[in-house]
Amino acid sequence: MPDTEIYYNQSNAPMLIRTNDPKLIRKLNVLAADFPGLCKLTEEDEICGSYFEVDKRRISIHVTRPYSEERRRRQSQWAKENGIQSVRTIK
């Protein structure tokens, strides 16, 4: 199972990201290729994954509250009225 660790401190040092998530690795590799001054691959390891240094201004973390049942109901109704079908993952 892919996992990611993000190391952040309040200094001006870059954010350190260790991941073995293929999707995130692809995104960070594109960022590093396009903007080498803002993101760089520092190490690759078959077991632990890829290590990147990323300018803190390039990463944002959003903490959101869960949707209320009322909001879910309203959004579901809106989607039905506008012909949007949901895709559900079966666990």
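See the structure printed just above.
None of these values were measured; they are calculated from a predicted model. (Residues numbered from 1 in each chain as written. Predicted model: local features only at pLDDT ≥ 70, side-chain atom pairs only at ≥ 80, totals over all residues. Heavy atoms only, no water.)

Enquirer: Tell me about the overall build of the chain, and name the residues and values.
Expert: From N to C terminus, the chain includes 2 helices and 4 strands. Against the 2.2 N^0.38 benchmark of 12 Å for 91 residues, the chain shows a C-alpha radius of gyration of 18 Å, more extended than a compact globule. Considered along the principal axes of its C-alpha atoms, the chain spans approximately 50 × 30 × 25 Å. Across the 91 residues in the chain, those meeting the buried criterion constitute 16%. Put simply, of all contacts in the chain between residues at least 6 apart along the chain, 38% involve residues at least 24 apart. With an accessible surface of roughly 8100 Å², the chain has 52% of that area assigned to carbon and sulfur atoms. If the 16 positive side-chain charges of the chain are averaged to one point and the 13 negative ones to another, these points end up 11 Å apart. (Helix = DSSP H or I, 4+ residues; strand = E, 2+ residues; numbered from the N terminus. Rg over C-alpha atoms; globule rule 2.2 N^0.38 Å. Buried < 20%, exposed > 50% of the residue type's maximum accessible area, 1.4 Å probe, protein only. Contact = heavy atoms within 4.5 Å. Areas by Shrake-Rupley, 256 points an atom, 1.4 Å probe, with all protein chains shown as cover. Lys, Arg positive; Asp, Glu negative; His and termini not counted. Charge placed at Lys NZ, Arg CZ, Asp CG, Glu CD.)

Enquirer: Describe the pairing of strand S2 (residues 15-19), with residues and values.
Expert: Moving residue by residue along a regular strand, the side chains alternate between the two faces of the sheet. The element S2 is extensively covered by neighbouring structure, given that 4 of its 5 residues are classed as buried. Here strand S1 (residues 4-7) pairs with S2 via 4 bridges, running antiparallel. Paired with Tyr7 across the strands is Leu16, a residue of S2. By the bridge criterion, 5 bridges tie S2 to strand S4 (residues 49-54) in an arrangement that is antiparallel. Following the sheet pairing, Arg18 is matched in S4 by Tyr51. (Pairing = 2+ DSSP bridges.)

Enquirer: Residue-level account of the pairing of strand S3 (residues 39-45), with values.
Expert: Pairing of S3 with S4 involves 6 bridges; the strand directions are antiparallel. Paired with Leu41 across the two strands is Phe52, which belongs to S4. Between S3 and S4, which pair antiparallel in sequence order, lie 3 residues.

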